[in-house]
Amino acid sequence: DARTPHWLPLLGRHALVTAGPTHEPIDPVRYLGNRSSGLQGYAIAGALAQLGANVTLISGPTSLLAPSDVSLIRVETAREMEQAVMSSLPVDIAVCAAAVADWHVVNAVTSKIKKQAGTPPPSLSLEPNPDILARLSAAGPRRPALVVGFAAETDDVEANAVAKRKRKGCDWILANDVSEGTNVMGGTHNTAILITEDGVERWPLMTKADLALRLVRKIALRFGAPAL
Ligand code: CTP
Ligand code: CA
């Protein structure tokens, strides 16, 4: 059982996990960002470490403490996250659980923008952020042996996740339904669909901690651990 301290099937393996949101500054007090508590990514990093892996957790701004036995690198923006990820290679396993902002603000300024009566609000000019998961998946000889992405979807979860796996070039995608009422964002529970090269697995509603354990057990099996 993965809860037994003696089952260390990932001993000697290196893993990196991205987690949390990224914040893209508008000015020193405002930012553009995605919703993410970081809970799921932190749980996965902790579970990988429990199974013996050497884990680097690259996290955007969250209010969480680093799990024990995990090296934490804190970043703010997607571009900083990408740099930290690429300089953490090589690893055997990469899990991209971060909710990366898709754009950054090109016309960000270093002094606070003041409201001025009678003048219109400022316009933000956006440019795409690097796609960290796609870059990791296409990293050639530096590509991790197993690259796992997440997909947060509100509609056609399975079809979108299957398409996303192809587009990103990753090995597995864990897709969450985040449509209204599912309460995944910031919540303690998660349901997921796992898309692999072998097809689709539907996972029941479980805590984010249990989902992390289930994922890392599956990763351990993929790396040759004997089935329990
Ligand atoms: N991701 C990433 N870098 C980005 C955007 C996304 O590494 N710049 C990763 C996320 O960590 C996640 C996966 O890609 O593992 C899917 O993220 P998602 O936002 O669902 O995919 P996008 O390609 O950004 O598509 P969209 O937001 O349009 O659905
Ligand atoms: Ca996105």
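About the criteria used
- Residues numbered from 1 in each chain as written.
- Chains lettered and ligands numbered in written order.
- Predicted model: local features only at pLDDT ≥ 70, side-chain atom pairs only at ≥ 80, totals over all residues.
- Heavy atoms only, no water.
- UniProt positions renumbered as here; feature names shortened; annotations may be inferred.
- Helix = DSSP H or I, 4+ residues; strand = E, 2+ residues; numbered from the N terminus.
- Buried < 20%, exposed > 50% of the residue type's maximum accessible area, 1.4 Å probe, protein only.
- Contact = heavy atoms within 4.5 Å.
- Near = heavy atom within 4 Å.
- Polar contact = N/O pair within 3.5 Å; in protein donor to acceptor, adjacent residues only side chain to side chain.
- Nonpolar A, V, L, I, M, F, W, Y, C, P; charged D, E, K, R; others polar.

A. Looking closely at the UniProt feature "binding site: CTP" (unreviewed entry) in the protein. UniProt's entry tags Asp102, Lys112, Pro130, Asp131, Ile132, Leu133, Phe150, Lys164 and Lys168 with the feature "binding site: CTP" (unreviewed entry), counted in the numbering of this structure. For the annotated residues, spread through 67 residues, the largest C-alpha to C-alpha distance comes to 37.8 Å, inconsistent with a single compact locus. Structurally, the position occupied by Asp102 is in the loop between strand 6 (93–96) and strand 7 (103–105). Given the relative accessible area of 48%, Asp102 is considered partly exposed. Not counting residues up to four positions away in its chain, the partners in contact with Asp102 are Glu127, Pro128 and Asn129. Those residues in contact with Lys168 that sit more than four places away from it in its chain are Asp131, Leu133, Ala134 and Ser137.

B. Up close: the site of ligand 1. Neighbouring ligand 1 are 15 residues; Cys96, Ala98, Pro130, Lys164 and Lys168 lie closest to it. Contacts to ligand 1 include Ile132, whose backbone N or O atom sits 3.0 Å from a nitrogen atom. Of all the secondary-structure elements, those providing two or more residues to the shell around ligand 1 are helix 3 (132–137), strand 9 (146–153) and helix 4 (157–168). Considering every element that reaches the shell around ligand 1, the biggest residue donor is strand 9, with four residues. Residues of the shell around ligand 1, tallied by class, amount to nine nonpolar, one polar and five charged.

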